[in-house]
Amino acid sequence: MSKNTVSDRFRKVDVDEYDENKFVDEEDGGENQLGPDEAEVDSLIRSGNLMGALQAVLKNPPINTKNQNVKEQTEGLVLKVLSSFKTSDLEKAVQSLDKTGVDLLMKYIYRGFERPSDNSSAILLQWHEKALSAGGVGSIVRVLTARKTV
Amino acid sequence: MSLYSFGLEPLSCHAWNKDRTQIAISPNSNVVHIYQKQGKEWTKIHELTEHSGRITGIDWAPESNRIVTCASDRNAYVWTLKDGVWKPTLVLVRINRAATCVKWSPLENKFALGSGAKLISVCYFEKENDWWLSKHIKKPINSTVLSLDWHPNNILLAAGSADLHCRIFSTYIKDIEDKPGPTPWGSKMPFGEVLLEYKECGGWVHSVCFSPSGDALAWVSHNSAISVANATQGKEVTQLTTEHLPLLSMLYVSETEIVAAGHDCCPYQFSYKGPGCLEFVKKVDIPKQSSKGNMSAMQHFRNLDKKATIEEEETGLGSLHQNSITQLCILEGPKAKVEKFSSVGLDGAMVVWDFKVFHSKLDLQLS
């Protein structure tokens, strides 16, 4: 068969870059978002105040930041808090959250599903069940449609 | 409440004539069927076959008895009834993508067409040349226009689009109408002026609706939320996130009550009484009574053999519609006090909901 000797470099051009009407997502300044306070959360876990730790770790979610490290750090911290709960306390903990809290918890749960470690999936599934009964399928839809996520 | 099935094909859109004896529907194809009500049945009397693409929007103007249809073939036709036959007139909408929705204005002298070309085409009839002209609203729309609704003053137009924004535009065309007076949304209204632009909708805005007075605008978005913007309170927006699947269509049934329906296959009622006071009222559907009759021993064993279970399984949904509801339409009553509304869905069924029934049922429960 004959070989195409004409250059095909044009196939690698990203035409969307040259489109003057290209949609650019608005980026809000997210540099100041550092995620929840690690020291505060750790001390609350150590002192056994798990409900307080949950409230604290859901504060200051790093939604707008482009810094991936902050996001991963926060996810690790959230996982730590979620794993330290006893199964029987899960339901009460979820009840203590308001609507936005349940939505945020769902976002962290799905983020945790993305990178499963040894026992994380089992714990996250238990939390998922309780969060689902509190937030309904609507909270999962909001995880899927959120443009800026944790 | 009554259900009528128009076949197995999903119903993309529907529109009623003035006295609600005829309905125009499109069964997910490029044809519009017009059915006439005869007793309890519906018989097909007309077929409108001019479009070459799937029909995405139908609107029937009650007073002037004209139908406007738009389709994915980038065209819109205005149909007029002449000697018992519907005759189409092509409208030059000048779009290079599919049309997504179309709505007659309250005075029926113009209509708005939303499209995937990131613009809204406002069309009006020019008598001198005997054709329909269009004017485009382009800025600042960044993606497909998914839904439209007119303000009672015939000038303001609300548009929900896939760029996660909800906007109100002015469509004042000085050739055909007088200058509009000021409204709570604003007073300077040249064509294309943006009077409201809300960008935190959270998801594609599937449906927008003005309240009967026009002072409030409600919309439903794909993040399973319903929001209301109140012009009289500084255009403040109140959002309510629901625990249901996303809603696709909504209606105002009174100045404060809203009915919305979507992928959950049944309508829900919401109530807006002021900024910060948007709440869920109830599900507007009477759940099916599951008939757990006595099963004979023979049936027990038959079930065990065939399905490995002795329970009777419900394979249908508990709601009247068996698939997502795509569009709601007012049937009876003025906009401020709707008594009946209709819904069509992907299951090919059209259901007429009686709002009075639910009011009286509620009274019986309380007394």
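Above this text sits the structure in question.
Residues numbered from 1 in each chain as written. Chains lettered and ligands numbered in written order. Predicted model: local features only at pLDDT ≥ 70, side-chain atom pairs only at ≥ 80, totals over all residues. Heavy atoms only, no water.

Chemist: In this structure, what is going on with helix α2 (residues 50-57) of chain A? I would like to understand it.
Modeler: Three- or four-residue spacings in an α-helix give side chains the same orientation, since the helix completes a turn every 3.6 residues. All names here are of chain A. Along α2, the positions that sit buried rather than exposed are Leu 50, Ala 53, Leu 54, Ala 56 and Val 57. Seen from one end, α2 has its buried residues packed into an arc of 165°, which puts them on one side. Buried residues along α2 sit in contact with α1 (38-46), α3 (68-83), α4 (90-95), α5 (99-114) and α6 (120-145). (Buried < 20%, exposed > 50% of the residue type's maximum accessible area, 1.4 Å probe, protein only. Helix = DSSP H or I, 4+ residues; strand = E, 2+ residues; numbered from the N terminus. Arc of directions from axis to C-beta. Contact = heavy atoms within 4.5 Å.)

Chemist: What is the right way to read a negative patch on the surface from this model?
Modeler: Judged by side-chain charge, A:Asp14, A:Asp16, A:Asp19 and A:Glu20 come together as a negatively charged surface patch. A residue is classified by how much of its surface remains accessible, and A:Asp16, at 48% relative accessible area, is partly exposed. (Patch = residues over 30% accessible without salt bridge, like charges linked within 9 Å, V, L, I, M, F, W, Y side chains within 5 Å. Areas by Shrake-Rupley, 256 points an atom, 1.4 Å probe, with all protein chains shown as cover. Salt bridge = Lys/Arg side-chain N within 4 Å of Asp/Glu carboxyl O. Lys, Arg positive; Asp, Glu negative; His and termini not counted. Charge placed at Lys NZ, Arg CZ, Asp CG, Glu CD.)

Chemist: Looking at this structure, how should I read the environment of A:Leu90?
Modeler: Residues and elements named next belong to chain A. With respect to the secondary-structure elements, Leu 90 resides in helix α4. Between the C-alpha atoms of Leu 90 and Phe 113, which are 23 residues apart in sequence, the distance is 18 Å. Beyond its immediate chain neighbours, meaning those up to four positions away, Leu 90 contacts Phe 85, Gln 126, Trp 127 and Lys 130.

Chemist: What is the right way to read the packing of aromatic side chains from this model?
Modeler: Each aromatic ring pair is characterised by the separation of its centres together with the angle its planes make. For the coordinates displayed, the defined rule picks out 18 aromatic pairs over all chains. Here A:Phe85 and A:Trp127 contribute two aromatic rings whose centre-to-centre distance is 5.1 Å and whose plane-to-plane angle is 90°, an arrangement assigned as edge-to-face. Of the two residues, A:Phe85 sits in the loop between α3 and α4 while A:Trp127 sits in helix α6, which places them 42 residues apart along the sequence. For the residue pair A:Phe85 and A:Trp127, the accessibility class agrees, reading buried in each case. Summarising the aromatic geometry, the rings of B:Trp60 and B:Trp86 are spaced 5.5 Å apart at their centres and angled 85° between planes, so their arrangement reads as edge-to-face. In this pair, B:Trp60 is assigned in strand β6 (residues 55-61) and B:Trp86 in strand β9 (residues 85-91), connecting sequence segments 26 residues apart. Across the pair, exposure class does not vary: B:Trp60 and B:Trp86 are buried alike. Three or more aromatic residues joined by ring pairs form one cluster here, namely B:Tyr4, B:Phe6, B:Trp16, B:Tyr35 and B:Trp42. (Phe/Tyr/Trp six-rings, centres within 6.5 Å; stacked < 30°, edge-to-face > 60°.)

Chemist: Can you help me understand the nonpolar core in this one?
Modeler: Generally speaking, soluble globular proteins have nonpolar side chains that are buried together. Ranked by size, the top nonpolar core spans 32 residues in total, and within it A:Leu54, A:Val81, A:Phe85, A:Leu105 and A:Trp127 carry the most contacts. Elements with a contribution of two residues or more to this core: α1, α2, α3, α4, α5 and α6 of chain A. In this structure, B:Met189, B:Leu196, B:Trp219 and B:Val237 belong to the second largest nonpolar core, which totals 19 residues. (Core = buried A, V, L, I, M, F, W, Y, C linked by side-chain atoms within 4.5 Å.)

Chemist: I'm lost on the interface of chain B and chain A in this one. Help?
Modeler: One frequently used descriptor of interface size is the decrease in accessible area upon assembly of the parts. The interface is formed by 16 residues belonging to chain B together with 14 residues belonging to chain A. It is B:Asn142, B:Thr241 and B:Glu243 in chain B that bury the most area against chain A; as a group they hold 36% of the surface buried on that side. Seen at the junction of chain B and chain A, the total is zero salt bridges. Put simply, chain B and chain A have six residue pairs in polar contact (both at pLDDT 80 or more) between them. For the side of chain B that touches chain A, a count of residues per class yields four nonpolar, eight polar and four charged. (Buried area = accessible area lost by both parts, 1.4 Å probe. Polar contact = N/O pair within 3.5 Å; in protein donor to acceptor, adjacent residues only side chain to side chain. Nonpolar A, V, L, I, M, F, W, Y, C, P; charged D, E, K, R; others polar.)

Chemist: I would appreciate a short explanation of the pattern of salt bridges in the present structure.
Modeler: If the charged atoms of two oppositely charged side chains come close together, the side chains can form a pair. All names here are of chain B. For the structure shown, the criterion picks out nine salt bridges over all chains. With a shortest N-O distance of 3.0 Å, Glu 47 and Lys 44 are connected by a salt bridge. Among the residues examined, Glu 47 registers a relative accessible area of 45% and is labelled partly exposed. Overall, the relative accessible area of 40% leaves Lys 44 in the partly exposed class. With its nearest N and O atoms 3.3 Å apart, the salt bridge here joins Asp 149 to Lys 103. You can see Asp 149 sitting in strand β14 (residues 145-150) and its partner Lys 103 sitting in strand β10 (residues 99-104), a full 46 residues away along the chain. Using a relative accessible area of 6% as the deciding quantity, one classes Asp 149 as buried. According to the relative accessible area criterion, Lys 103 is partly exposed, its value standing at 30%. One salt-bridge network, held together by shared partners, links Asp 163, Arg 167 and Glu 197.

Chemist: Would you mind going over the sheet that holds strand β18 (residues 205-210) of chain B with me for this structure?
Modeler: Neighbouring strands of a sheet are bound in pairs by backbone hydrogen bonds; such pairs are parallel or else antiparallel. All names here are of chain B. Across the sheet, which stays open at both edges, the four strands sit in the order β18-β19-β20-β21 with antiparallel pairing between neighbours. The strands lining the two open edges of the sheet, one partner per strand, are β18 and β21 (236-241). Here the strands of the sheet are splayed against their neighbours by 15° on average, with no regard to which way each runs. Where strand β19 (residues 216-221) meets strand β20 (residues 225-230), six bridges bridge the pair, whose relative direction is antiparallel. By the bridge assignment for β20, Ala 216 is matched with Asn 230. (Pairing = 2+ DSSP bridges. Axes fitted to C-alpha atoms, helices over the stretch in contact; angles between N-to-C directions.)

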